[in-house]
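Here is what each chain is made of, one letter per residue.
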Amino acid sequence: MTVRQCLPALFLSISLLGAPPDGDGLYQKRCAACHDAAKPQTRMPSRSDLSKKAPEEILKAMFAGAMVQQSAGLTEEEGRAIARYVTAKEFGATIVVAATALCTDGTKSFRPAETDWNGWGGDLNSSRFQKNPGFTAEDAKRLKLKWAFGFRGTNVASAQPTLVGKRLFVGSASGTVYSLDAATGCTYWSYEAGANVRTAISIGAVPGGGYAAYFGDIRSTVHAVDATTGTLIWKTKVEEHPASRVTGAPIFYEGRLYVPVSSTEEASAMSPKYECCKFRGSLVALDGATGKLLWKTYSVSDPPKETKKSSTGTQKFGPAGGAIWSSPMIDVKRKLIYASSGNSYTDVDVSTTDAILAFDLETGTLKWATQALPKDNYVMSCGKAGVGNCPEQMGPDHDFGTSPILRTLPNGKQIVVAASKAAMVYGLDPDQNGKILWEKRIGQGGPLGGVEWGHAADDQNVYAAVSDVFQTTAGVPGGLHALALGTGEEVWNTPPAKMTCIPTAAGCTGAQSAAISVMPGMVFSGSVDGHFRGYSTKTGEIIWDFDAVKPFETVNGVKAKGGSFDGGGPTIANGMVFTGSGYGMWQGLAGNVLLAFSVDGK
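So, how was this worked out
- Residues numbered from 1 in each chain as written.
- Predicted model: local features only at pLDDT ≥ 70, side-chain atom pairs only at ≥ 80, totals over all residues.
- Heavy atoms only, no water.
- Helix = DSSP H or I, 4+ residues; strand = E, 2+ residues; numbered from the N terminus.
- Areas by Shrake-Rupley, 256 points an atom, 1.4 Å probe, with all protein chains shown as cover.
- Pairing = 2+ DSSP bridges.
- Axes fitted to C-alpha atoms, helices over the stretch in contact; angles between N-to-C directions.
- Salt bridge = Lys/Arg side-chain N within 4 Å of Asp/Glu carboxyl O.
- Buried < 20%, exposed > 50% of the residue type's maximum accessible area, 1.4 Å probe, protein only.
- pLDDT = per-residue confidence, 0-100.
- Contact = heavy atoms within 4.5 Å.

*Asks:* Sorry if this is basic, but what is going on with the overall build of the protein chain here?
*Replies:* Counting secondary structure elements, the protein chain contains eight helices and 37 strands. When the accessible surface of the protein chain is split by element, carbon and sulfur atoms take 54% of a total near 23500 Å².

So, in structure tokens, the structure goes:
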């Protein structure tokens, strides 16, 4: 039969099965109101941002990610049609990892060491300070790329890697978690979580011997897998609200796993038919061996109740909000665990949003709360107060997205250091129920501004990078600051890099949104412009600079390129520095690569 003879049968088949879904029409009906808005939301990807993604990533966001509620009722084929339309790309075939990319010594013993970088902050106090990096600041001038690893099916590489036992553990936006050899980048194992894993991974000992790798996903499921083999041990869903997620790294201590819970209900509230709002942030304690719930404490203690009708006639609820976006921090001396909370979603007053919270490690009882900004009531798409789900008294969305840090001063007294999207850095007294000892403004602040993902502290200073990615009225976005731990006085500040590109072009900003890390003599900070830089802790001088905006040959054979730095920060351990590059949103440059540096590339 000729091709021409086949055509009538093909057309008959299509007519019997029905026309394929209309991706354009479905997008206009379901998505355009938010993503094609004349004034884009600061935390909503624009149509241009979406076009840079892989169709697999769009599909996963609709059915296993942030857009689950907006995609309710769609079939998978309709979701695929939308993904094809918005990205102008076809779904790719499954890529088989080359045999040469697999590690051949999988039975090698797994032995954690004191010089490892475990979890988000590298220690229980979330300091992001590596005391023993395995090289000096002088050596750091000779850092060169040793290997690169490509993440498939995504244009984001923001999950921070963990290095324990000479193995690297890292999640991905595609939902695959990898265990790699730190020295070579070969793959020991991969695990499919089923949803985006953007948390850092924490390693903890399990009863009977061995170690587990713990992490959360954006469907609020916490996973425990064998650190050596990648075999699932248990998984537990810690929150049922459909907009909930785990974005901050769980932290493991004495057999327990402490998990922060956040949400995207601020985006759900954009729909005038949505009953806003019912989500409350929480901190959850799980048994590390079984995943059993031990306690759960909400950041907003009172459950939501009906309040009044919205301007569109939809029932409103409150209080709500207080998402805990970042990893908690352990205070062993006081037997407390600290967490930072996000903004309120409603007009119902809450004293524990935009706050540093201290919980009892054993029971979860809230011991104290220090609120930095009252009445920061915010949901997305609010051009006018009181319209739709918008609060009558709208806040600026200046919440905490960073982990609090506990440090000891030269006189032996301890201090908690916190930093917010308001571009404010605070020093709090843990012995006086979080009394604010000092505060310092280092930028303008905004919904994607201030200190967005993570500051760092050594024994003398706290270091904080400024995002302010959409804030230009007070100067150029970005910059790195060093403040004295005890007083908050500025030691030095380094302005952002000067841009010679077109201001509206992607990546044309010095914003330093990603978390930063410090070692003796050197602070590492990545920028939205795609540069990864090392700064002197003494003067703030840039003494090392790597431009990641280029393609890379990868050890696993996946086509990869570098882009903006956003989200998780650098991991420093055992003579190497690791960081992901690529963030195709908020004026950022897409990318999908994990970079590994060593002195002279050896």
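Anyway, onward from the coordinates.
*Asks:* Whenever I open this one, the sheet that holds strand β17 (residues 329-331) confuses me. Can you help?
*Replies:* One key point about sheets: their strands pair by backbone hydrogen bonds, in either a parallel or an antiparallel sense. The strand order across the open sheet built from four strands is β17-β18-β19-β20, with neighbouring strands paired in antiparallel fashion. Bordering the open sheet on either side are β17 and β20 (366-371), each of which pairs with just one other strand. Averaged over all neighbouring strand pairs, the angle between strand axes comes to 20°, with direction disregarded. Looking at chain direction, strand β18 (residues 336-340) and strand β19 (residues 355-360) are connected through five bridges and run antiparallel. Bridge pairing in β19 places serine 340 opposite isoleucine 356.

*Asks:* Which parts of the structure should I look at to understand the pattern of salt bridges?
*Replies:* Side chains that carry opposite charge are capable of pairing whenever their charged atoms lie near each other. Across all of its chains, the model carries 17 salt bridges by this definition. Taking the shortest distance from any N to any O, the salt bridge between arginine 407 and aspartate 459 comes out at 2.8 Å. Linking arginine 407 in strand β21 (residues 405-408) with aspartate 459 in the loop between β25 (456-457) and β26 (461-465), this pair joins segments that are 52 residues apart in sequence. Residue arginine 407 is classed as buried on the basis of its relative accessible area of 9%. Put simply, aspartate 429 and lysine 413 hold a salt bridge, and the shortest N to O gap is 3.2 Å. Taken together, the positions of aspartate 429 in strand β23 (residues 424-429) and lysine 413 in the loop between β21 and β22 (414-419) put the pair 16 residues apart, joining distant regions of the chain. On the basis of relative accessible area, aspartate 429 is assigned to the buried category, the value being 0%. Looking at lysine 413, the relative accessible area reads 32%, which means it is partly exposed.

*Asks:* I tried to follow the sheet that holds strand β36 (residues 576-581) on my own but got confused; where do I start?
*Replies:* The strand order across the open sheet formed by four strands is β1-β37-β36-β35, and the pairing between neighbours is antiparallel. The sheet terminates laterally at β1 (143-150) and β35 (571-573), the two strands that pair on one side only. Taken over all neighbouring pairs, the strand axes of this sheet differ in orientation by 20° on average, direction set aside. Note that β35 and β36 share three bridges and pair antiparallel. Paired with alanine 573 across the two strands is methionine 576, which belongs to β36.

*Asks:* Explanation requested: the confidence of the model for the protein chain in the structure shown.
*Replies:* Low pLDDT marks regions whose predicted coordinates should not be analysed in detail. Per-residue pLDDT for the protein chain averages 89, and the proportion of residues at 70 or more is 84%. Within the model, pLDDT remains below 50 along residues 1-17, and this stretch shows two contacts once partners closer than five positions in the same chain are excluded.

*Asks:* Looking at this structure, how should I read unusual backbone geometry?
*Replies:* Leave glycine aside and you will find that most residues have negative phi; peptide bonds, for their part, are mostly trans. Looking along the chain, the bond that leaves cysteine 276 and enters cysteine 277 is cis, with omega of -5°. Looking at the secondary structure, you find cysteine 277 in the loop between α8 (265-268) and β13 (282-287). In this structure, the amide linkage connecting glycine 318 to the following residue, proline 319, adopts the cis form with an omega of 0°. Positive phi values are uncommon outside glycine, yet lysine 375 reaches one of about 60°. Examined against the element boundaries, lysine 375 turns out to sit in the loop between β20 and β21. Judged by relative accessible area, which is 34%, lysine 375 ranks as partly exposed. Here asparagine 574, not a glycine, exhibits a phi torsion of approximately 55°, which is positive. By secondary structure assignment, the location of asparagine 574 is in the loop between β35 and β36.

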